[in-house]
Amino acid sequence: MNKIEAKKVNVFYGDKQALFDINMDIPERQVTALIGPSGCGKSTFLRCLNRMNDVIEICKVEGEIKINDYDINQKSTDVVRLREKIGMVFQKPNPFPKTLYENISYGPEIHGMAQSKDELDQIVEDSLKKAALWNEVKDRLNEPGTGLSGGQQQRLCIARAISVKPEVILMDEPCSALDPIATAQIEELIDELKKEHTIVIVTHSMSQAARVSQQTGFFHLGKLIEVGSTDKIFKNPNQQQTQDYITGRFG
Amino acid sequence: MINREEFLNKRYKAEKRFQMYGKTAIILALLFLAVFLFKIFSTGYTAFQKTWIIVPINYDPEFMYLDANQKPSMEDLQDSEYFDVGIESFAALDQNANEDQITDIKRMFAFIFEEEIKDHILSNPDDFGKIVEVKLTASDDLDQVFKGNYPRDLPEERRRVNDYQLNIFDRLNSEGKVVSNFNFSFFTNADSREAELAGIASSFMGSLFSILVCLAVSFPVALLAAIYLEEFAPKNRLTDFIEVNINNLAAVPSIVFGLLGLGVLLAVFGLPRSTPLVGGITLSLMTLPTIIIAARASLKAVPPSIREAALAMGASKMQTTLHHTVPLSLPGTLSGTIIGLAQALGETAPLILIGMVAFVNTIPGSPMDPAASLPVQIYIWAESAERGFVEKVSACIMVLLIFLVLMNLAAQMIRHKFEKKWN
Ligand SMILES: Nc1ncnc2c1ncn2[C@@H]1O[C@H](COP(=O)(O)OP(=O)(O)OP(=O)(O)O)[C@@H](O)[C@H]1O
Ligand SMILES: [Mg+2]
């Protein structure tokens with residue numbers, strides 16, 4: 001079943017077109033990887049899915065993006081509700097300069113998800129456990145989130161994203177600032193999270209895409225060149241360009 | 001071919017020279033500061049001392065127009081006259097004094113000697129009918145004589161203190177009857193025409209109220225303006241125009257704001273003249289652009305990734321701003337505010353224009369009462385001819401400087417607290 005269906009998506013930064021007629025379906029409770037050379041529009045596409053491009057004044061998004069069969073790319077869409085359903089993890093870990101606890105509790109609080117302090121404590125604990133961070137930080141929940149290591153910070157950001165129980169989690173190169181061990185931890189985590197969430201991940205690492213994803217989309221110069229099961233894309237792509245990129249002949 | 005060795009040497013030398021220039025500049029600046037502070041302190045510290053002369057006061061019922069055979073009630077003492085008590089007691093300092101000389105002796109004391117004599121008997125009613133020693137404030141000239149600031153060697157006709165007075169004073173001094181204490185009245189008295197009585201209470205309170213009004217008006221307005229311009233306003237011609245004009249406003253000479261206060265606050269709105277209320281609002285026009293600029297700069301310095309994080313969590317624009325951006329920018333905003341207020345605290349020109357230069361001998365109890373302000377007080381005293389005001393000017397500058405230092409310390413503390421909390 002498809003969670004997200006993008007049809008004829010065109011994105012413009014001012015006069016410059018960044019995405020051309022993107023059609024892509026994203027299946028539920030699977031990991032979809034977006035790969036492609038730098039500047040090809042992966043982040044731009046990802047940010048369309050939770051309307052983060054709204055923040056950029058010159059950015060215009062055209063086309064239809066259906067999530068649960070509802071077109072989110074209309075004026076009447078309530079972006080606050082949308083972003084509650086679609087979480088996001090950024091390339092650079094960006095915890096709030098507040099305590100660990102407050103980092104996680106912020107989302108549930110602004111969305112009124114907890115009736116009591118106990119319930120909130122429970123959400124914080126569950127989110128940290130799911131993000132495989134609980135054991136490392138359970139004794140220092142009142143310390144600042146910025147005091148963690150890079151990998152811990154990124155897992156904190158993942159915990160923050162899942163605290164509001166989103167249906168979809170968008171990740172923009174979540175491991176690019178991390179060492180191999182932290183990367184392995186996050187990849188394991190992604191594998192775990194896909195049981196409950198639909199995940200879209202942008203990555204520059206072919207091996208990472210191959211390891212974590214079930215579906216892969218290859219972007220080039222603002223166009224979606226090819227999309228299909230990860231197995232097929234990596235073993236037997238239809239397009240020569242895809243083959244070249246995956247084997248490292250360009251990009 | 002260039003000699004590389006020599007080339008390198010030249011570079012190192014240039015580097016050393018550059019550092020030297022920097023050090024010299026800093027030493028020069030410190031030197032100026034030291035000279036300035038030394039001058040202020042050495043002329044000003046005596047103002048914190050006050051000279052008293054101890055005089056046997058004769059509480060003779062006859063001089064008080066009271067019945068000698070009956071213990072007077074408090075009301076009697078309260079209503080009684082003390083001028084004659086004073087004059088008779090002064091006359092007793094020199095048995096042979098003639099009329100004129102008694103007047104000379106009287107002039108050795110502050111004109112409030114009657115009050116002081118009265119205050120003593122009111123708090124010691126048992127001294128009625130007795131001769132007791134009472135501390136009276138010395139005149140400002142004798143105060144200066146005692147502090148060694150008075151040119152005693154001038155020819156007599158060019159002095160306000162004559163030889164007769166000096167003789168009496170020296171005699172009393174050698175008997176240990178001249179004492180000096182910490183000058184509390186400098187802090188508790190309002191301004192006065194008599195230097196020995198003049199204090200900074202009125203101008204201090206005036207400055208304090210002005211600054212509070214200024215803070216209350218400019219901080220919220222500036223913060224909201226900065227938040228709107230930085231976080232919400234679309235970037236277009238109009239906002240560019242506003243931005244340029246805010247920057248221009250920061251460069252407008254303060255006297256222009258004084259004229260604005262005069263023309264608008266006093267003339268159009270009819271607010272009361274000479275009050276910290278008007279002074280504070282006028283000053284806030286000056287601090288407004290300073291705070292807006294500081295607040296915008298510190299809002300800009302908040303990393304965009306924090307805003308993105310909040311937005312991606314589903315926070316609305318307003319929540320993102322109020323929960324994250326503004327708190328993070330607050331330390332910078334506060335330090336900008338303090339700088340603005342410190343500038344305002346030292347402002348004289350606009351306050352003179354709105355009438356805060358008037359002679360005020362009462363202590364304001366609210367921003368609606370007439371008051372002076374510390375810098376204006378300095379200006380007023382510096383204009384006065386009496387020798388006694390010279391030290392007061394320096395003392396007032398000291399108080400102003402201490403006020404400024406305290407403000408900066410407060411700002412630092414607030415900053416520190418916030419920074420600990422957010423990082
Ligand atoms: N805020 C912006 N303003 C103008 N142009 C932008 C903006 N963001 C992205 N672009 C342009 O859009 C195109 C796609 O950018 P995007 O960030 O989506 O690439 P990407 O595939 O994520 O690259 P990378 O792998 O380097 O992150 C690029 O040509 C970029 O220059
Ligand atoms: Mg990118």
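None of the values given here were measured: they were computed from a predicted structure. (Residues numbered from 1 in each chain as written. Chains lettered and ligands numbered in written order. Predicted model: local features only at pLDDT ≥ 70, side-chain atom pairs only at ≥ 80, totals over all residues. Heavy atoms only, no water.)

Novice: Outline unusual backbone geometry, listing residues and values.
Specialist: Residues and elements named next belong to chain A. Backbone geometry at K165 places phi at a positive 50°, although glycine is not the residue there. By secondary structure assignment, the location of K165 is in the loop between α6 (150-162) and β7 (168-172). In the Ramachandran plot, E173 falls in the positive-phi region, its phi being about 45° despite a non-glycine side chain. Note that E173 resides in the loop between β7 and α7 (180-193). Of the residues examined, E173 reaches a relative accessible area of 12% and is grouped as buried. (Helix = DSSP H or I, 4+ residues; strand = E, 2+ residues; numbered from the N terminus. Buried < 20%, exposed > 50% of the residue type's maximum accessible area, 1.4 Å probe, protein only.)

Novice: Describe in detail the nonpolar core, supporting the description with residues and values.
Specialist: In terms of nonpolar packing, the biggest core is built from 39 residues, with L128(A), M171(A), I190(A) and L193(A) touching the most fellow members. If we skip the residues at most four places from it in the chain, M171(A) touches L46(A), V89(A), I158(A), I190(A), L193(A), I199(A), V200(A), I201(A) and V202(A). Of all hydrophobic cores here, the second largest spans 37 residues; its members include F109(B), F113(B), I117(B) and L166(B). (Core = buried A, V, L, I, M, F, W, Y, C linked by side-chain atoms within 4.5 Å. Contact = heavy atoms within 4.5 Å.)

Novice: Break down the pattern of salt bridges for me, with residues and values.
Specialist: Residues and elements named next belong to chain A. Taken as a whole and judged by the stated rule, the model has 28 salt bridges over all chains. Residues K7 and E5 are paired through a salt bridge, measuring 3.8 Å at the closest nitrogen-oxygen approach. Relative accessible area serves as the criterion here: at 40%, K7 is assigned to the partly exposed category. Here E125 and K129 are joined by a salt bridge, their closest N and O atoms 2.6 Å apart. Highlighted residues: E125 and K129, both in helix α4 (residues 117-130), separated by four residues, approximately one helical turn. (Salt bridge = Lys/Arg side-chain N within 4 Å of Asp/Glu carboxyl O.)

Novice: I'd love a proper account of the side chain of R307(B), names of residues and values included.
Specialist: Residue and element names in this part refer to chain B. Within the secondary structure, R307 is located in helix α14 (residues 304-312). Overall, R307 belongs to the buried group, its relative accessible area being 16%. Here L299 takes part through its backbone oxygen, which lies 2.8 Å from a polar atom of the side chain of R307. (Polar contact = N/O pair within 3.5 Å; in protein donor to acceptor, adjacent residues only side chain to side chain.)

Novice: Quick one: what's the story with the sheet that holds strand β10 (residues 223-229) of chain A, residue by residue and with numbers?
Specialist: All names here are of chain A. The sheet built from six strands is open, its strands ordered β6-β7-β8-β3-β9-β10 with mixed pairing. Whereas interior strands pair on both sides, the edge strands pair on one side only; in this sheet they are β6 (86-89) and β10. Each adjacent strand pair in this sheet contributes to an overall mean axis angle of 15°, direction not counted. Here strand β3 (residues 31-35) pairs with strand β9 (residues 215-220) via four bridges, running parallel. In the sheet register, I35 faces β9, and the bridge partner there is F218. (Pairing = 2+ DSSP bridges. Axes fitted to C-alpha atoms, helices over the stretch in contact; angles between N-to-C directions.)

Novice: For the pairing of strand β1 (residues 2-13) of chain A, give the residues involved together with the corresponding values.
Specialist: Residues and elements named next belong to chain A. Sheet topology note: the β1/strand β2 (residues 16-27) ladder contains eight bridges and is antiparallel. Each residue of the ladder has a partner; that of N2, found in β2, is P27. Hairpin connection between β1 and β2: a loop of two residues separates the two successive antiparallel strands, and G14 in this loop has a positive phi of roughly 65°. In this structure, β1 lies alongside strand β4 (residues 59-67), joined through eight bridges in antiparallel fashion. Of the residues in β4, the one forming a bridge with Y13 is C59.

Novice: Can you lay out the layout of surface pockets for me, pointing to particular residues and giving the numbers?
Specialist: The space that makes up the largest pocket amounts to roughly 680 Å³. What lines the largest pocket is a set of 24 residues, and nearest its centre among them are V55(A), E231(B), R307(B), L311(B) and K317(B). Secondary structure elements with two or more residues in the lining of the largest pocket: α2 (79-85) of chain A together with α10 (201-232), α13 (276-300), α14 and α15 (317-345) of chain B. A per-element tally of the lining of the largest pocket places α14(B) first, with four residues. When its residues are assigned to classes, the lining of the largest pocket shows 11 nonpolar, three polar and 10 charged. (1 Å grid on protein atoms, 1.4 Å probe; cavity = no way out; pocket = protein on both sides within 12 Å on 5 of 7 lines; lining within 4 Å. Points joined across faces, edges and corners; volume = space filled by probe spheres on them. Nonpolar A, V, L, I, M, F, W, Y, C, P; charged D, E, K, R; others polar.)

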